[in-house]
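# Survey of secondary and tertiary structure
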Amino acid sequence: MRERPSFPARLDTAPDAQPRFKSQPAAALMPVPQGVGMDSMAVRQRMVQKLAGQGVSDPLVLSAMGTVERHRFVDSALVNQAYEDTSLPIGLGQTISKPGVVSRMIELLRNGAQGRMGRVLEIGTGCGYQAAVLSCVANEVYSIERLKGLHDKARDNLRPLRLPNLHLLFGDGMIGYAQGAPYAGIISAAGGESLPQAWVDQLALGGRLVAPVVHAGGQALLVVDKTATGVQQSILEQVNFVPLKSGVA
Ligand code: SAH
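Described below are features of the structure shown in this document. Please read all numbers here as calculations on a predicted model, not as lab measurements.

Thresholds applied
- Residues numbered from 1 in each chain as written.
- Predicted model: local features only at pLDDT ≥ 70, side-chain atom pairs only at ≥ 80, totals over all residues.
- Heavy atoms only, no water.
- Helix = DSSP H or I, 4+ residues; strand = E, 2+ residues; numbered from the N terminus.
- Buried < 20%, exposed > 50% of the residue type's maximum accessible area, 1.4 Å probe, protein only.
- Contact = heavy atoms within 4.5 Å.
- Areas by Shrake-Rupley, 256 points an atom, 1.4 Å probe, with all protein chains shown as cover.
- Near = heavy atom within 4 Å.
- Polar contact = N/O pair within 3.5 Å; in protein donor to acceptor, adjacent residues only side chain to side chain.
- 1 Å grid on protein atoms, 1.4 Å probe; cavity = no way out; pocket = protein on both sides within 12 Å on 5 of 7 lines; lining within 4 Å.
- Sits in = over half its atoms within 2 Å of the grid points.

## Examining the overall build of the protein chain
Along the backbone of the protein chain there are seven helices and eleven strands. In the protein chain, which comprises 249 residues, the share counted as buried stands at 49%. Sequence separation of at least 24 residues holds for 55% of the intrachain contacts in the protein chain that already meet a minimum separation of 6. Carbon and sulfur atoms make up 54% of the accessible area of the protein chain, which totals about 11700 Å².

Here's what the structure looks like:
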């Protein structure tokens, strides 16, 4: 597992952070001392307040965003930006999505569910951050990544969190993951030209799919509801995701 510098000492450089460890400059190189979790928790709570201010209201989503330590999923040089509403590079030309987009999409995916939702498939594990958030709001999560380097990175990032309901898969998510179907929710972190039929097939009746798709010269969020009377699609706001690609690498 990669070594990471302790989080709050770096975070002190953020303009709105409280000064901490003023008398312990070596803290950046030390193992995380006791009580530090509370510091990053305070920064996450500020992020959660901002998300709520942007309109996210699902209590389980807000609590998951306040629980998962996003700073553990980004490179050490970017740690002080971990709780800003910005996407960040995670290697191999890919990015971790903004917290605002992660929470918005998961709220849409849950579609007002009370308590945890059922089984979820995520396409595009990336660094594993969104998968960890999903594991707090769903009973079972399957997350698939086509780049071996990122699949391995996510495994390393997630190992210490011990999330028994999260299953990481290496493969082409365009064909979904039939073994886990049917899914109450399918969420994609990569935007395709069109919606893969396999995803619609693997969605449960009453299930919902949320994915970026190419739309009107850009990209927009697509929501698909599978109902007894057919499939309903709606196009929502414009987004900016990395492309959905086929095959593995
Ligand atoms: N949810 C991720 C976001 C990663 S960016 C996070 O929290 O970090 C989107 C990811 O989708 C990239 O890692 C990219 O490699 C992956 N991806 C693109 N096409 C894919 C496909 N067909 N199957 C699986 N993963 C795919």
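## Some words on the site of the ligand
Near the ligand, the surroundings consist of 27 residues, among which Thr95, Glu145, Asp172, Gly173 and Lys245 are the closest. Interatomic distance of 3.1 Å between a backbone N/O atom of Gly124 and a nitrogen atom of the ligand. Cys127 places a polar main-chain atom, nitrogen or oxygen, 3.1 Å from an oxygen atom of the ligand. Across the complex, the protein chains shield 99% of the 580 Å² of accessible surface that the ligand would expose by itself. If you map the ligand onto the pockets, it falls in the largest cavity. Sort the elements by how many residues they give to the shell around the ligand and strand β2 (residues 94-96) lands first, with three residues.

Fair warning: the whole summary comes from geometry, so function is off the table for now.
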